[in-house]
Amino acid sequence: MTRDVVGQDRSVERSWALRAEACDLIPRGTSTNSKAPTPGLEHVEPCFIARGKGCRVWDVDGNEYIDYRNALGPVTLGYAYPAVVEAVREQLDQGSVYGYPHPLEVEVARMLTEVIPCCDMVRFLKTGGEAMAAGIKVARAHTGRDVVVRCGYHGWLQNTGEAGVPACFDDCLPSFAWGDVGGLESLLDQHEGRVAAVSVAGSYPHLTPEDAFLGECRRLADAHDVLLIFDEIVTGFRIRMGGVQEYYGVTPDLAVFSKGMANGMPISVLAGAEGVMRTLERTTVSSTFAGDALALAGAKATIATYRERDVVGHLWRMGRRLVDGVNAIFRGADIPGRFQGCPTCPQLMFETGEAERDQRMRVALLGGLFRRGVSIYNVSYVNFSHQLEDIDETLNRWDDAVKAGLER
Ligand SMILES: Cc1ncc(COP(=O)(O)O)c(C=O)c1O
């Protein structure tokens, strides 16, 4: 048991007992790999969260945290945000799925055409990876070609080069790095005549308004007569409501959105130009729970809140204060660490020049913050319920964690 800076007794023993049980029942102890605890933080990190409200969560031992994990991105308004809770609860009383679509499917589709630049038509699904798989299938069916030249993570269904994935898939999904226009161009040349699409996932560390990369992707896709897909799973409803395509003014042919669009209700969407989306009338993308009314009710309430309140502006303001404050603390303590990238979802970087030392510092910082009631991850997220006081309280605790030392 330790006592934190705000005088709270902290033990995470219930979390770790449950973790032991989970590891006997669930490979890796969790169904989401990124939710497994960090090696080196045994009996420090909370493994199970019991509830959340606004920008705070409580673990199963009763410890409170100012939270920047936000469910790995989906919680943009705040945990248990009243307007979303009410909408979902009201829908729950009417049932969640039926043998025909619910009118909300049409209503939310209409809303999305109004907020996503590339969107004439949509298809709803449940996860980001599933929506991305649908986008790739549509691109292949539309063009009659197999190769998708990709940049960034598109979900586990597109992972290649690992156990369980035939090696021949590698050839259909070559990848290039964010910003590597030359690399993209040479892949397009190399696979000329076989490429269905270029797909790009927003890379948060590099998002600056001056970045011309996505415009270059559009230019090269057009020059090679292939489709352009944006994976807006992280960037949608976070950098702008309409994602990077709104921020940079570059319109793709297809895009996928998921995290953030329903404040944590499970939903994803494939959106795109009518001429491409109508390909779904001659190939199969279909799922029983795709149009469930609970997630759609959550999406409707979330999108309405974004339109009524300046949610995106708030995320940027809170994010900037957090990023500037954290970077000033690191600079003041002469620590080679920083928050980098888009302030609404900054990435934590350590650059000592030695990967093992970077990792030791990261683990020490995460541990110091957990002990002081702050929960962050490699990418941290602010939500609409974080207020200035929450950010400033976070910065005080951060300063304290850094002063306690990151070298061990
Ligand atoms: C950019 C990006 N694309 C796709 C995915 C996959 O989404 P999901 O985990 O909902 O399948 C993620 C998940 O983190 C992501 O960050």
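None of these values were measured; they are calculated from a predicted model.

Quick notes on the rules
Residues numbered from 1 in each chain as written. Predicted model: local features only at pLDDT ≥ 70, side-chain atom pairs only at ≥ 80, totals over all residues. Axes fitted to C-alpha atoms, helices over the stretch in contact; angles between N-to-C directions. Helix = DSSP H or I, 4+ residues; strand = E, 2+ residues; numbered from the N terminus. Parallel < 35°, antiparallel > 145°, perpendicular 65-115°, else oblique. Left-handed = near helix turned anticlockwise from the far one by under 90°. Contact = placed C-beta atoms within 7 Å. Nonpolar A, V, L, I, M, F, W, Y, C, P; charged D, E, K, R; others polar. Core = buried A, V, L, I, M, F, W, Y, C linked by C-beta atoms within 7 Å. Buried ≥ 20, exposed ≤ 12 C-beta atoms within 10 Å, placed from the backbone. Domains from an automatic or database assignment. Near = placed C-beta within 6 Å. Pairing = 2+ DSSP bridges.

Details of the packing of helix α12 (residues 355-371) against helix α13 (residues 388-403)
Here comes step 1: At a minimum axis distance of 9 Å, the contact between α12 and α13 shows a crossing angle of 130°. Taken together, the axis directions place α12 and α13 in an arrangement best described as oblique. Here the hand of the crossing between α12 and α13 comes out right-handed. Residue-level contacts link L365, G368 and L369 of α12 to R397, W398 and A401 of α13.
Here comes step 2: Class assignment of the residues belonging to the contact of α12 with α13 gives a composition of 4 nonpolar, 1 polar and 1 charged.

With respect to the packing of helix α3 (residues 103-115) against helix α10 (residues 293-308)
Here comes step 1: Look at α3 against α10: their axes get within 10 Å of each other, and the N-to-C directions meet at 35°. Both α3 and α10 take part in a crossing whose hand is left-handed. Contacts between α3 and α10 pair L104, E105, E107, V108, M111 and V115 from the former with A293, L296, A297, A299, K300 and I303 from the latter.
Here comes step 2: In terms of residue class, the contact of α3 with α10 is built from 9 nonpolar, no polar and 3 charged.

Here we look at the nonpolar core
Nonpolar side chains in soluble globular proteins tend to end up buried together.
Here comes step 1: Core analysis: the biggest nonpolar cluster contains 114 residues, and A197, L227, V269 and A271 have the highest contact counts within it.
Here comes step 2: For this core, the element with the most residues is α10, which contributes 9 residues.
Here comes step 3: Looking at which domains feed residues into this core, each of domain 1 (2-79 + 310-403) and domain 2 (82-308) gives three or more.

Quick notes on the domain arrangement of the protein
Here comes step 1: As far as domains go, the protein holds domain 1 (2-79 + 310-403) and domain 2 (82-308).
Here comes step 2: Relative placement of domain 1 and domain 2: their C-alpha centres are 28 Å apart.
Here comes step 3: Listed by partner, the interface residues are 16 residues for domain 1 and 18 residues for domain 2.
Here comes step 4: If you tally residues by element for the side of domain 1 that touches domain 2, the top one is helix α11 (residues 311-332), at 3 residues.
Here comes step 5: Along the lines of polarity and charge, the residues of the side of domain 1 that touches domain 2 split into 10 nonpolar, 6 polar and no charged.

Some details on the site of the ligand
Here comes step 1: Around the ligand, the structure places 13 residues, and the nearest of them are T127, G128, G129, G155 and A201.
Here comes step 2: Take the shell around the ligand: its biggest share by element is 3 residues, from helix α4 (residues 128-143).

A look at the pairing of strand β12 (residues 337-340)
Here comes step 1: Residue alternation in β12 divides its side chains into a buried set, G337 and F339, and an unburied set, R338 and Q340.
Here comes step 2: Note that β12 and strand β13 (residues 347-350) share 4 bridges and pair antiparallel. Bridge assignment links Q340 to a residue of β13, and that residue is Q347.
Here comes step 3: In this antiparallel pair of consecutive strands, β12 and β13, the connection spans 6 residues, and G341 shows a positive phi of 100°.

Some points on the sheet that holds strand β3 (residues 49-53)
Here comes step 1: Read across the sheet, 4 strands follow the order β3-β4-β5-β14 without closing on themselves; strand pairing throughout is mixed. Strands at the two margins of the open sheet, each flanked by one partner only, are β3 and β14 (374-375).
Here comes step 2: The sheet contact formed by strand β5 (residues 64-67) and β14 spans 2 bridges and is parallel. What sits directly across from I66, in β14, is V374.

Concerning the pairing of strand β8 (residues 195-201)
Here comes step 1: With respect to burial, β8 is a largely interior element, 7 of its 7 residues being buried.
Here comes step 2: Bridging between β8 and strand β9 (residues 227-231) involves 5 bridges; their strand directions are parallel. For V200, the partnering residue across the bridge sits in β9 and is F230.

A few points about the sheet that holds β9
Here comes step 1: On the basis of which strands lie adjacent, the open sheet formed by 6 strands has the order β6-β11-β10-β9-β8-β7 and mixed pairing. Sheet topology places β6 (121-125) and β7 (147-151) at the edges, where each strand pairs with a single neighbour. For this sheet, the mean inter-axis angle between neighbouring strands, taken without regard to orientation, is 20°.
Here comes step 2: Judged from the 4 bridges that link them, strand β10 (residues 254-257) and strand β11 (residues 268-272) form a sheet pairing that is antiparallel. For L254, the partnering residue across the bridge sits in β11 and is G272.

Describing the environment of L214
Here comes step 1: On the secondary structure map, L214 appears in helix α7 (residues 213-223).
Here comes step 2: Take L214: there are 22 C-beta atoms within 10 Å of it, and that puts it in the buried class.
Here comes step 3: Taking the C-alpha atoms as reference points, L214 and Q245, 31 residues apart in sequence, are found 8.5 Å from one another.
Here comes step 4: Aside from chain neighbours lying at most four places away, what touches L214 is V200, V244, Y248 and V250.

Examining unusual backbone geometry
Here comes step 1: Of note, the phi angle at A71 is positive, near 60°, even though the residue is not glycine.
Here comes step 2: Tracing the backbone shows A71 in the loop between β5 and α2 (82-92).
Here comes step 3: Residues other than glycine seldom take positive phi values, yet N263 does so here, at roughly 50°.
Here comes step 4: Residue placement: N263 occurs in the loop between β10 and β11.

A short note on the environment of G62
Here comes step 1: Locating G62 in the fold gives a position in the loop between β4 (56-59) and β5.
Here comes step 2: For G62, a count of 12 C-beta atoms within 10 Å gives the class exposed.

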